[in-house]
Amino acid sequence: MTVESNPTSATKELIRFLQESWRREKESERIYRELALRERDQGRQNVLERLAETEGRHAARWAEKLSELGAPLPEMRRGRLQAFRDWLNRQVGTDATLRRMEAEEDRVTARYEAQARALDDETATHLLRQMQREEESHSYIIRQMVKPAGPQSRLDILLHRESWHKRGGGWLGQAIYGANDGLGAVFGIVSGVAGYTGGSSAVLIAGLAGMLASALSMGSGAYLAAKSQREVYEAEISREQREIEADPEEEREELSLFYQLKGFSEEEAELLASRLSERPEQFLRTLAHEELGLSEETFPNPALEALSATLSTALGAFIPIVPFFFFSGYFAIGLAAIVSLVAHFAVGAAKTLVTGRSWVYSGTEMTVVGAIEAVITFGLGLLFRVG
C-alpha cells in the first residue's frame, strides 16, 4: 500500500517509527562491522559479522515496509558528533563498546515490545515480534562474549590468545574520574567561601588555589599509583619465579587447586594447570594473577595517567570559578551553581562510556550529589559568617 495524500496520525507515527528503527539498525550494523574489522580472534570476528548481517536484514525489512508505505528512507547523519563517538569507542576498547551495545540491544527489545502493542498494523507487528526475539538473542550472545564461560574459554584467556579484554579506556576512565574529582572538590570550596563572603573576589582566589592543588594532587597520585603497580608486580613476579624454579610440581598443584576453588572439576583443573605449565612465561603470569591478583595487562602508562588526571581535574575544577572572573555577589554564586550542576550532569553521563549504565540515571545521580554537597558547604559558610 502507499501513503494517502492526507495520511492519518497513526500512519505518520508508523512511518516515524520505521524510519527511526531503520536508522538504528543501520548504525548497529556499522558498529558491529567496525568491531569485527578490529577483532583478531577469528571466532569472535565471525560472530560480530553475523550480528552485523542480522542488523542489516532488520534494516532491509524496515526499508521494504517504508517502500510499501511510499515513505522515504531517512538520511544517515554522519557528522562530527558521530565521528567523536567512533573515536570514543576505539578509546574505551571493544569490551566497553560491546557492553554499551548490549544495553542498546535491550533498549531496542523493549522499544519493539512497546510498539508491537501500540501499532495497528499486522505485518509490522509480526516483524516486530520476530526482531524482538533476535535482539534478545543478540543480548545473550554479547553477554557470553564479554564474559566467557567454560574451561576452554578460560584457558584461551590465560594463554593470551583471547584478545577481547584489551587495555583501552584506562586513561579515559582516569580523565572522567579526574574531572569528577576536580569539579566536586572546587564546587564545594566555591560554595563554602561564597557562603562565607557573599561572593567576593576571595571566591576566585580560593577556587584557583583549589584547582591547582586538586590537579597537582590527582596527577602526582595517578603517576605514583601506576608506577607502584609496576614495581610491586616486578617484585612479586621475581619471588614467584624463584618458587617455580625451586618446586615446579608444587606450583602446578597450587594452580590446579585455585581452579578447583573456582568451580572447575579436578580433571578440568588438572588439564588447565598442565597446559599452562608447558608454557613457562604464561605459567608464571597466571600464578601471579591467581595467587596475588596481579596482571601486567591491566597496567596503565604512568605518564599518560598523570597527564590525563592533571588536565581533566584542572578542567573540572575550573568550571565552578568561571562566573567569578566576570561577576561577583549572589548573581555570580547562582550562575556558578547552575554551570556546575550542568557540568555534574555531563560528567556523570560521560561515565556511561565505560560503565554502560543509563546516561540519564548516571548524570542525574551525580547532579543530586553535587547539589547536596553545595548546599552543605554553602550552609557551613553562612554559619561561620553569622558566627
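Computed from a prediction, not measured in an experiment: that's the story for all the values here.

Asks: Would you explain the side chain of S312 in this entry?
Replies: Summarising the element assignment, S312 is placed in helix α11 (residues 302–318). Of the polar contacts made by the side chain of S312, one reaches the backbone oxygen of S308; its length is 2.6 Å.

Asks: I keep staring at the nonpolar core and nothing clicks. Help me out?
Replies: Soluble globular proteins: nonpolar side chains tend toward being buried together. Within the largest apolar cluster, 14 residues are counted, with the highest numbers of intra-cluster contacts made by L255, Y259 and F283. Those elements that place two or more of their residues in this core are α7 (202–246), α8 (248–261), α9 (266–277) and α10 (280–292). In this structure, L14, W62, L66 and Y112 belong to the second largest nonpolar core, which totals 13 residues.

Asks: Would you mind showing me how to read the confidence of the model for the protein chain here?
Replies: Detail in the predicted coordinates should be disregarded across regions flagged by low pLDDT. When pLDDT is averaged along the protein chain, the result is 77, and 74% of the positions lie at 70 or above. Contacts for the low-pLDDT stretch residues 148–169, under 50 throughout, to residues beyond four places or in other chains number 59 contacts.

Asks: Where do I start with a nonpolar patch on the surface in this structure?
Replies: Among the surface-exposed residues, Y196, V368, I372, I376, L380, L383 and F384 lie close enough to one another that they form a single nonpolar patch of about 730 Å² accessible area. Ranked by residue count, the leading element in the nonpolar patch is helix α14 (residues 359–386), at 6 residues. As for its placement among the helices and strands, Y196 is situated in helix α6 (residues 170–197).

Asks: Would you explain α9 in this entry?
Replies: Every α-helix winds through 3.6 residues per turn, so residues three or four apart in the chain are directed the same way. Compared with the 16 Å implied by 1.5 Å per residue over 12 residues, the 16 Å span of α9 between its first and last C-alpha is a close match. Buried within α9 we find A269, L272, A273 and L276. Looking down the long axis of α9, one finds its buried residues gathered within 90 degrees of arc, a one-sided arrangement.

Asks: Before we go on, may I ask you to explain helix α2 (residues 42–68) in this structure?
Replies: Counted at 1.5 Å a residue, the expected span for α2 with its 27 residues is 39 Å, and the 39 Å between its end C-alpha atoms agrees. Positive phi appears at G70, one or two residues downstream of α2, with a value of about 75 degrees.

Asks: Explain the packing of aromatic side chains to me, please; I cannot follow it from the model alone.
Replies: What describes a pair of aromatic rings is the distance from one ring centre to the other and the angle between the planes of the rings. Throughout the structure, instances matching the rule amount to 4 aromatic pairs. Their ring planes at 75 degrees and their centres at 6.0 Å tell us that F17 and W62 sit as a pair that is edge-to-face. Here W62 lies in helix α2 and F17 lies in helix α1 (residues 9–38), a separation of 45 residues in the sequence. Pair check on accessibility: F17 and W62 agree, each one buried. With a centroid separation of 5.7 Å and an interplanar angle of 45 degrees, the aromatic rings of F318 and F325 are classed as tilted. On the basis of relative accessibility, which here comes to 41%, the residue F325 falls in the partly exposed class.

Asks: Which parts of the structure should I look at to understand the packing of α7 against α11?
Replies: The angle between the axes and the distance between the axes are what describe a pair of packed helices. Axis separation between α7 and α11 bottoms out at 8 Å; the angle between their running directions is 160 degrees. By the criterion of interaxial angle, the relationship of α7 to α11 is roughly antiparallel. As for the relative orientation of α7 and α11, their crossing is right-handed in sense. Across the interface between the two elements, M211, S214, A215, M218, G219, A222, Y223, A226 and K227 of α7 pack against P302, A303, E305, A306, A309, T310, T313, A314, A317 and F318 of α11. Of the residues belonging to the contact of α7 with α11, the class tally is 13 nonpolar, 4 polar and 2 charged.

Asks: Where do I start with the side chain of E27 in this structure?
Replies: Counting through the fold element by element, E27 comes out in helix α1. Classification of E27 as buried rests on a relative accessible area of 16%.

Asks: Sorry if this is basic, but what is going on with the pattern of salt bridges here?
Replies: Once the charged atoms of two side chains with opposite charge are near each other, the side chains can pair. Under the counting rule described, the total for this entry stands at 10 salt bridges. A salt bridge links R30 to E34; the shortest N-O distance between them is 2.7 Å. A residue pair is termed a helical-turn pair when its members lie 3 or 4 positions apart in one helix, as R30 and E34 do in helix α1 at 4 residues. Overall, R30 belongs to the buried group, its relative accessible area being 17%. R252 is the salt-bridge partner of E249, the closest N and O atoms lying 3.4 Å from each other. Of this pair, E249 and R252 both sit in helix α8, 3 residues apart, which is roughly one turn of that helix. By sharing partners, the salt bridges in this structure join E20, R23 and R24 into a single network.

What counts, and where the lines are drawn
Residues numbered from 1 in each chain as written. Predicted model: local features only at pLDDT ≥ 70, side-chain atom pairs only at ≥ 80, totals over all residues. Heavy atoms only, no water. Helix = DSSP H or I, 4+ residues; strand = E, 2+ residues; numbered from the N terminus. Polar contact = N/O pair within 3.5 Å; in protein donor to acceptor, adjacent residues only side chain to side chain. Core = buried A, V, L, I, M, F, W, Y, C linked by side-chain atoms within 4.5 Å. Buried < 20%, exposed > 50% of the residue type's maximum accessible area, 1.4 Å probe, protein only. pLDDT = per-residue confidence, 0-100. Contact = heavy atoms within 4.5 Å. Patch = residues over 30% accessible without salt bridge, like charges linked within 9 Å, V, L, I, M, F, W, Y side chains within 5 Å. Areas by Shrake-Rupley, 256 points an atom, 1.4 Å probe, with all protein chains shown as cover. Salt bridge = Lys/Arg side-chain N within 4 Å of Asp/Glu carboxyl O. Expected span 1.5 Å × (residues − 1). Arc of directions from axis to C-beta. Phe/Tyr/Trp six-rings, centres within 6.5 Å; stacked < 30°, edge-to-face > 60°. Axes fitted to C-alpha atoms, helices over the stretch in contact; angles between N-to-C directions. Parallel < 35°, antiparallel > 145°, perpendicular 65-115°, else oblique. Left-handed = near helix turned anticlockwise from the far one by under 90°. Nonpolar A, V, L, I, M, F, W, Y, C, P; charged D, E, K, R; others polar.

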